[in-house]
Amino acid sequence: MNDKTSYGFTTTILHSDRQKDIEHGSVHKPVHTSVLFGYKDARDLAQVFQGKQSGYRYGRQGNPTVAALEDKITKMEGGASTITFATGMAAIGAVFQALLRQGDHVVSSRFLFGNTNSLWQTAKSQGIELSLVDATDVANVEAVLTPATRLVFVETIANPRTQIADLKRIGALCRERGILFVVDNTMASPYLFQPKSVHAGLVINSLTKSIAGHGNVLGGAITDTGLFDWSAYPNIADNFRKQASAQQGMAQIRAKGLRDFGATLSPDAAHQIAVGAETLALRMERECANALALAQMLEADPRVAAVYYPGLPSHPQHKLATDLFRAYGALLSLELKPEIDCFDYLNRLKLAINATHLGDTRTLVIPVAHTIFFEMGAIQRAEMGIADSLIRISVGIEDTQDLLSDFAAALSA
Ligand SMILES: *Cc1c(COP(=O)(O)O)cnc(C)c1O
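Looking at an unreviewed UniProt entry, the chain carries the name Cystathionine gamma-synthase family protein, with the source organism given as Undibacterium jejuense. In the Cofactor (unreviewed entry) part of its UniProt record, the chain is described as follows: "pyridoxal 5'-phosphate".

Tell me about the sheet that holds strand β4 (residues 149-155), and please be specific about residues and values.
Spatial strand order, β1-β7-β6-β5-β4-β2-β3: 7 strands in an open sheet with mixed pairing. Both edges of this open sheet fall to β1 (81-85) and β3 (129-133), since each of them pairs with a single strand only. Strand-to-strand, the axes of this sheet are offset by a mean angle of 20°, without reference to chain direction. Relative to β1, helix α3 (residues 64-77) is tilted by about 125°, and along the sheet it contacts β1, β6 (202-206) and β7 (220-224). Lying over the sheet, helix α5 (residues 114-125) contacts β2 (105-109), β3 and β4, oriented at roughly 150° with respect to β3.

Go over the sheet that holds strand β9 (residues 331-336), please, and point to the residues and values.
Taken in spatial order, the 5 strands line up as β8-β9-β12-β11-β10 in an open sheet, and their pairing is mixed. Unpaired on one side and paired on the other, β8 (304-308) and β10 (353-354) mark the two borders of the sheet. Of the pairings in the sheet, the one linking β9 to strand β12 (residues 391-394) comprises 4 bridges and is antiparallel in character. For S333, the partnering residue across the bridge sits in β12 and is R392. Against the sheet, helix α13 (residues 280-299) engages β8, β9 and β12, with an angle of about 15° to β9.

Go over the site of the ligand with me, naming the residues and quoting the values.
Neighbouring residues of the ligand: T87, G88, M89, I92, F113, D184, T186, S206, T208, K209 and G219. For the ligand, an oxygen atom lies 2.7 Å from a polar atom in the side chain of K209. When the ligand is considered free in solution it has 380 Å² of accessible area, and contact with the protein chains removes 92% of it. For the shell around the ligand, the secondary-structure elements that each account for two or more residues are α4 (88-99) and α9 (207-211). If one sorts the elements of the shell around the ligand by residue count, α4 sits on top with 3 residues. Along the lines of polarity and charge, the residues of the shell around the ligand split into 3 nonpolar, 6 polar and 2 charged.

I'd like a description of the packing of aromatic side chains, backed by residues and values.
Inspection of the entire model under this criterion finds 8 aromatic pairs. Plain terms: the ring middles of W120 and F153 are 5.5 Å apart, the flat faces sit at 80° to each other, and that makes the pair edge-to-face. Residue W120 is found in helix α5, and its partner F153 is found in strand β4; the two are separated by 33 residues along the sequence. Side by side, W120 and F153 carry an identical accessibility label, which is buried. Both rings, one in F193 and one in F325, keep their centres 5.1 Å apart while their planes meet at 65°; by these two values the pair is edge-to-face. Note that F193 is positioned in the loop between α8 (189-192) and β6 and F325 in the loop between α14 (318-324) and β9, a separation of 132 residues in sequence. The same class applies to F193 as to F325, namely buried. Three or more aromatic residues link up through ring pairs in this structure, and these residues are F228, W230 and Y233.

Rules and cut-offs
- Residues numbered from 1 in each chain as written.
- Predicted model: local features only at pLDDT ≥ 70, side-chain atom pairs only at ≥ 80, totals over all residues.
- Heavy atoms only, no water.
- UniProt positions renumbered as here; feature names shortened; annotations may be inferred.
- Pairing = 2+ DSSP bridges.
- Helix = DSSP H or I, 4+ residues; strand = E, 2+ residues; numbered from the N terminus.
- Axes fitted to C-alpha atoms, helices over the stretch in contact; angles between N-to-C directions.
- Contact = heavy atoms within 4.5 Å.
- Near = heavy atom within 4 Å.
- Polar contact = N/O pair within 3.5 Å; in protein donor to acceptor, adjacent residues only side chain to side chain.
- Areas by Shrake-Rupley, 256 points an atom, 1.4 Å probe, with all protein chains shown as cover.
- Nonpolar A, V, L, I, M, F, W, Y, C, P; charged D, E, K, R; others polar.
- Phe/Tyr/Trp six-rings, centres within 6.5 Å; stacked < 30°, edge-to-face > 60°.
- Buried < 20%, exposed > 50% of the residue type's maximum accessible area, 1.4 Å probe, protein only.

In structure tokens, the structure reads:
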């Protein structure tokens with residue numbers, strides 16, 4: 001296990017824990033429940049507190065089971081280090097809390113996960129300048145940059161309309177201007193795409209979704225790709241400037257974002273996520289194949305008005321997706337012709353479950369304008385291209401023919 005350095009994605013994840021000694025030869029990293037960590041020599045305890053010696057202090061800031069998962073996520077993203085959180089939103093919130101100050105400017109894609117949109121509105125109310133732009137074209141990002149722009153935030157594949165940000169060009173622009181590029185990679189997952197390849201500085205993953213995959217646990221992560229020069233970032237406190245420049249950003253996020261706000265991932269949750277993560281590649285392969293078959297079938301049906309899926313040649317960023325991603329993702333959305341009521345259609349589906357959530361092993365459907373994007377109101381929904389009849393499908397690992405039959409039969413009824 002030690003000699004070869006470049007194993008494939010799944011091999012690397014499966015054997016990640018064994019690269020360090022695991023207690024008693026245990027194959028899985030054990031669930032360490034202890035909140036406190038004792039030291040025989042009080043001087044060692046002091047050294048750990050002063051950052052001069054590695055070691056655990058208190059469960060809110062780190063734990064061996066959680067650290068083993070962080071290590072796996074770092075490997076999945078090809079990054080330098082990872083910090084996990086209780087949820088994906090806590091991870092995004094930590095970027096806001098730890099790295100932004102009053103008067104800073106943030107540029108964000110306006111095709112955003114609803115709660116992230118809500119979080120940016122909070123940031124705005126607390127003195128952050130916010131520009132929401134159509135990030136499928138780098139020109140829209142470049143047009144709003146100011147000397148106070150601290151970060152640019154995009155999602156790889158936006159939910160629910162599957163727009164793909166102009167990732168390569170935005171990465172190049174941020175690199176040229178020395179701006180932190182933050183990519184929420186939840187929808188693609190690190191198996192389909194590593195944002196490091198387009199020069200992202202930080203990568204967000206909701207571990208709740210594809211990485212865990214089984215819908216029994218919440219979690220989130222921030223990965224530092226190692227590409228951003230933290231010595232040039234203005235908002236690092238003096239205290240963290242003492243560290244090597246490569247570590248400054250994550251040291252501040254771990255202290256100010258995780259420790260001080262306390263949304264820590266529990267060791268039990270870390271264990272459940274780690275078990276799920278072992279099959280990420282297998283599930284994504286199946287989900288993406290199912291999603292493509294379903295998208296093709298629905299697009300060919302005259303009763304369907306529109307299908308949005310990056311794997312279809314009709315998708316505006318189909319070529320970009322083909323260039324950047326290993327496959328086209330597990331999420332698609334559709335609009336039915338007006339004569340079919342979207343609620344009636346959903347109620348006729350037998351396998352697909354009416355539920356929010358995505359990246360699950362089971363296929364899930366939701367009428368987005370009436371649920372997850374209801375709170376933001378009609379005007380912003382229109383700006384995001386969300387029609388009242390839009391249905392989002394998060395495609396699971398069911399047998400392909402069963403899924404196709406379910407969605408076809410519900411159209412016929
Ligand atoms: C679900 C999701 C989040 C939030 O993750 P939680 O673990 O539910 O807090 C953030 N970004 C995207 C793109 C998501 O789909």
